[in-house]
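# Notes for the structure review
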Amino acid sequence: MTGPERRRRRVLSRTRIHERVRELGRQITADYRDGQLVLLGVLNGAFVFCADLCREIDLDVEIDFIRVASYGAATESSGTISLLREPNLDLVNKDLLLVEDIVDTGTTMAWLVDHFQRCAARSVRICALIDKHERRRVAVTVDYAGFVLDQGFLVGYGLDCAERYRNLKAVYTLA
Ligand code: IMP
Ligand code: MG
């Protein structure tokens, strides 16, 4: 075991994530049966989650990705959000589901919901793998939350972090 590896504690196993993503997919499938669902994955942290989630949704979905200026090297949102990559899809009258890895203070998602509500979408909702609900500073509703956790800084499963990607199958907390 390498040095950094020893400081990690596993909080979500591959199996647990897989089961929960399947449940979310079923729920989203039922809820959007009569809609025009567009998944908007938030790069980079949600790329693995979005890839797993879209394969559990039994509907014709459109998928695109956005990128926001967020954490960088720091561990907390600055409150100043900007969109570095806009979606390519036409969003008018679509049902947007923002797919995020973690909602922490809520700053990023509150900004994104507000931004996309101005695009004449029919609906804008949030699906997050992890809701750090206790850390919320800006009111935002996570419509589909995989897990509600309060575990410090999380890595793995493609989550945003300042190091190279490792442990893409499970989620770990840094001790
Ligand atoms: P918020 O704007 O404070 O809600 O921050 C949300 C953003 O911070 C998301 O895009 C996450 O990718 C990132 N984030 C928050 N907590 C963690 C964490 O524990 N690990 C990795 N990324 C995180
Ligand atoms: Mg992120």
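Residues numbered from 1 in each chain as written. Chains lettered and ligands numbered in written order. Predicted model: local features only at pLDDT ≥ 70, side-chain atom pairs only at ≥ 80, totals over all residues. Heavy atoms only, no water.

### Regarding the overall build of the protein chain
Cut-off, in case you're wondering: Note on conventions: DSSP H or I runs of at least 4 residues are helices, E runs of at least 2 residues are strands, and numbering of each starts at the N terminus. Working definition: with a 1.4 Å probe on protein chains only, accessible area under 20% of the residue-type maximum means buried, over 50% means exposed, and in between means partly exposed. We call two residues in contact whenever any of their non-hydrogen atoms come within 4.5 Å of each other. To be clear on the numbers: accessible area is Shrake-Rupley with a 1.4 Å probe, and residue cover counts the displayed protein chains and nothing else.
What the protein chain contains, in helices and strands, is 4 helices and 9 strands. Beginning at the N terminus, the succession of helices and strands in the protein chain can be written as α-β-α-β-α-β-β-β-α-β-β-β-β. For the protein chain, with 175 residues in total, the buried portion stands at 46%. Put simply, 69% of the contacts in the protein chain that link residues at least 6 apart link residues at least 24 apart. Carbon and sulfur atoms provide 45% of the accessible area of the protein chain, an area that totals close to 9200 Å².

### Looking at the nonpolar core
The cut-off we apply is this: Take the buried residues of types Ala, Val, Leu, Ile, Met, Phe, Trp, Tyr and Cys, join any two whose side-chain atoms come within 4.5 Å, and each joined set is a nonpolar core.
Ile28, Phe49, Leu53, Leu129, Ile130 and Val171 are the most contacted members of the largest nonpolar core, which totals 28 residues. Looking at this core, the elements with two or more residues in it are β1 (8–12), α2 (14–31), β2 (37–43), α3 (47–54), β5 (95–103), β6 (123–131) and β7 (144–148). Top contributing element to this core by residue count: α3, with 5 residues. Look past the residues within four positions of Leu129 in its chain and what remains in contact with it is Ile17, Phe49, Glu100, Asp101, Ala145, Gly146, Phe147, Tyr157, Leu159 and Val171. Residues Leu96, Met109, Val113 and Ile126 belong to the second largest nonpolar core, which totals 22 residues.

### Looking at the sheet that holds β7
Worth spelling out the cut-off: Following DSSP output, two strands are said to pair if at least two bridges run between them. Each axis is a line fitted through C-alpha atoms, taken for helices only over the stretch in contact, and angles between the N-to-C directions span 0 to 180 degrees.
On the basis of which strands lie adjacent, the open sheet formed by 6 strands has the order β4-β3-β2-β5-β6-β7 and mixed pairing. The open sheet has two edge strands, β4 (82–85) and β7, and neither has a second partner. Sheet twist, expressed as the average angle between the axes of neighbouring strands with direction ignored, equals 30°. With 5 bridges joining them, β2 and β5 adopt parallel strand pairing. Pairing of Leu39 across the sheet is with Leu97, part of β5.

### So, the pattern of salt bridges
When the charged atoms of two side chains lie near each other, side chains of opposite charge can form a pair. For clarity, the threshold we go by: The term salt bridge refers to a pairing of a side-chain nitrogen on Lys or Arg with a carboxyl oxygen on Asp or Glu at a separation within 4 Å.
Summed over all chains, the structure comprises 8 salt bridges. Here Asp104 ties to Arg135 by a salt bridge, and the two come within 2.5 Å at their closest N and O atoms. Placement of the pair is Asp104 in the loop between β5 and α4 (107–117) and Arg135 in the loop between β6 and β7, with a sequence separation of 31 residues. Its relative accessible area of 8% is what places Asp104 among the buried residues.

### Section: a nonpolar patch on the surface
This is how the line gets drawn: Grouping into patches uses exposed residues only, defined as over 30% relative accessible area, and leaves out salt-bridged ones; the cut-off is 9 Å for like charges and 5 Å for nonpolar side chains (Val, Leu, Ile, Met, Phe, Trp, Tyr).
There is a patch of nonpolar side chains on the surface, built from Phe47, Tyr165 and Leu168 and spanning about 260 Å² of accessible area. You can see Phe47 is positioned in helix α3.

### Describing the environment of Arg137
Structurally, Arg137 can be placed in the loop between β6 and β7. Here Arg137 falls in the exposed class, since its relative accessible area comes to 56%. Placed 32 residues apart in sequence, Arg137 and Thr105 show a C-alpha to C-alpha distance of 4.9 Å.

### Some points on α2
Because an α-helix packs 3.6 residues into every turn, residues spaced three or four apart end up facing the same way. To keep it simple, the criterion reads: To estimate how far a helix should extend, the number of its residues minus one is multiplied by 1.5 Å. This arc describes the spread of directions from the helix axis toward the C-beta atoms.
Between its first and last C-alpha, α2 extends 26 Å over 18 residues, near the 26 Å set by a 1.5 Å rise per residue. When we look at burial in α2, the residues that qualify are Ile17, Val21, Leu24, Gly25, Ile28 and Thr29. Relative to the axis of α2, the buried residues are bounded by an arc of 135° and lie together on one face.

### Focus: the sheet that holds β1
With antiparallel pairing, 3 strands are arranged side by side in an open sheet as β1-β9-β8. Here the strands that pair on one side only, and so sit at the sheet edges, are β1 and β8 (154–156). Between one strand and the next, the sheet's axes are offset by a mean angle of 45°, whatever the strand orientation. In terms of strand pairing, β8 meets strand β9 (residues 171–174) through 3 bridges, oriented antiparallel. By the bridge assignment, Leu154 is partnered in β9 with Thr173.

Don't take any of this as a statement about function, it's just geometry.
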